[in-house]
Amino acid sequence: MCGCERTPTLGQLLRGDPDDNQIHTQSVSHRVHWRMRSRNRALRQPEFGADALEHHWSKGSYAGPCGYVGVEKDSGIVLMLPEYDLVVIGSGPAGQKAAIAAAKVRKHVAVIDRTSMIGGVSVHTGTIPSKTIREAIFQLTSRAVKAQYGNGRIAYGDISVRDVSVRVREIIERETDVVRAQLTRNGISMYQGLALFLDPHTLTVQDGEDGHQLKAKNILIACGTRPAHSPEIPFDDHRIVDTDHLHALSGVPRETIVVGTGVVGLEYGSFMAALGSRVTLIDQRPVILDFVDQEIVQALSYHLRQLGITFRLGEKVTRVGTDMHREFIFAELESGKKIQGDALIYAVGRQGNADQLHLEAAGLVADARGRVKVNELFQTAVPHIYAAGDVIGFPALASTSMEQGRLAACHMFGIPFEHMPELFPYGIYTIPEISMVGQTEETLTSNKVPYEVGIARYSELAKSMMLGDNMGMLKLLFHRDTHKLLGVHALGQRATEIIHIGQAVLFYNGSVDYFRDTVFNYPTLAEAYKVAALNGLNKL
């Protein structure tokens, strides 16, 4: 049943057979050590967390080989599938926070993930690597220092993507250790391998030749995503790559083609441009970031063009290939244009990993992009199976995924919570970065809400001059009659940090008057709130 060579009976344990009450062989390469306890029950030392051990002991059972639970019967010890209050598929931001939230209320929790992916895509190929690359680019190119003290030109030298990757690996290792320690500290069991549904309450974990089965009262699907691929794109993981293989580029290409102008495409396009590459961004959509306030988008587009980025919007890529004679990559467009470069980064969306879980056995189905449909409480069509994070689609940010996972765990175990998705902040780490929380001018206009706008430009702030950034701005939207704050939008250095001041005021239904009347440290970027508030109130 579990791949173990033999199972000790209670009689064998009482007789003290040395081979049976000391060591139980699971396989040639793995041994599970046993130790005797009162009333002759045998307990295996758990790999993760003492809480799981105490749970089994309090139930009159023991944690047996391969993670199975043994129950004491008159005829001996009978192995049964371990049953958890919650099994989480994936240890990324959503899975990690859900598991910890459940463990905090003494629930028996297990997490399934591949050994090489502890922390999920966020740690290994997504959020942490991309943001580390961004910071490394600022440091290696000394962008702010050059802008303030130099001649305005950036010295790139021999900086390569691989140089930046060294720092990325260090941060990934540290974050992986942090996630593993948090799960261990909260008594959460970990199964390392690939998860597959056998039925709505049973999962199997495949790890090489070995396999484990476990049952769950509740299940959270938080298995993340992978880069979407097109069969028409000849990926070579060298010059034509997806965003997970950017590190394979041997140096900074002189000219880079980026297909896709979503969040990821814009981020990586701006990174390559900041390193000195001439970048062409291609997308079949006519506008970029249609969910962001369009004045901010227009300002971002202007600054990206200043970095040397060319936009080809409303253009569909029909063919990608390599000219072996002239040694360049080309992308042919439906309009007849032909874009040439030294490398191509394909960043057209993500594919959910739910299509790899055998969802049919649980009575579920993923859509064409491998995503799972959920309600406002993150429940799927099967009520005890939840889903959160990138696998449910937009907004697919690490920050929102964390909250989705926590809220899913709160709902399934009756933990009080407050759900305010309209106040989730968005951070897009382009160069320059942008951030937003609350409503946009477009949504307010559509809903016929009378509003006013207050703007503070970084060029007005002493702190931004010290940072060498005069291109940023902070924008406040507020109700003309009540002065209630409705939305906050930021562009420039540390935009993703200062946005949280506005988020707090929005949460408490505060007014723009708060920023006018409060005192901010000087000089800071935060004082932009006072400047923007005065600018807006002066228009009334």
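The rules behind the values
- Residues numbered from 1 in each chain as written.
- Predicted model: local features only at pLDDT ≥ 70, side-chain atom pairs only at ≥ 80, totals over all residues.
- Heavy atoms only, no water.
- Pairing = 2+ DSSP bridges.
- Helix = DSSP H or I, 4+ residues; strand = E, 2+ residues; numbered from the N terminus.
- Axes fitted to C-alpha atoms, helices over the stretch in contact; angles between N-to-C directions.
- pLDDT = per-residue confidence, 0-100.
- Contact = heavy atoms within 4.5 Å.
- Phe/Tyr/Trp six-rings, centres within 6.5 Å; stacked < 30°, edge-to-face > 60°.
- Buried < 20%, exposed > 50% of the residue type's maximum accessible area, 1.4 Å probe, protein only.

This part is about the sheet that holds strand S20 (residues 338–341). Reading across the sheet, the three strands line up as S18-S19-S20 and stay open at both edges, with antiparallel pairing between neighbours. Either end of the sheet is taken by a strand with one partner, and the two such strands are strand S18 (317–323) and S20. Strand after strand, the sheet turns through a mean of 20 degrees between neighbouring axes, direction not considered. The sheet contact formed by S18 and strand S19 (residues 328–333) spans six bridges and is antiparallel. Following the sheet pairing, Gly321 is matched in S19 by Phe330.

Confidence in the prediction for the protein averages 82 pLDDT; 80% of positions are at 70 or higher. Per-element averaging of pLDDT across the protein places strand S1 (residues 23–27) at the bottom with 30 and strand S27 (residues 473–479) at the top with 98. Long-range and interchain partners of residues 1–67, a stretch whose pLDDT sits below 50, account for 129 contacts in this model, where long-range means more than four residues apart. Scored below 50 in pLDDT, residues 152–157 shows twelve contacts in the model against residues more than four places distant or in partner chains.

Further remarks concern the packing of aromatic side chains. Aromatic ring pairs are described here by two measures, namely the spacing of the ring centres and the angle between the planes. On inspection of all chains with the given rule, the structure shows nine aromatic pairs. Ring centres of Phe394 and Tyr426 lie 6.1 Å apart, and the angle between their planes is 25 degrees; this geometry places the pair in the stacked category. A residue pair is termed long-range when its members are at least 10 positions apart, and Phe394 in the loop between strand S23 (385–387) and helix H11 (398–412) and Tyr426 in strand S24 (residues 426–428) qualify at 32 residues. Take Phe394: its relative accessible area is 56%, and that puts it in the exposed class.

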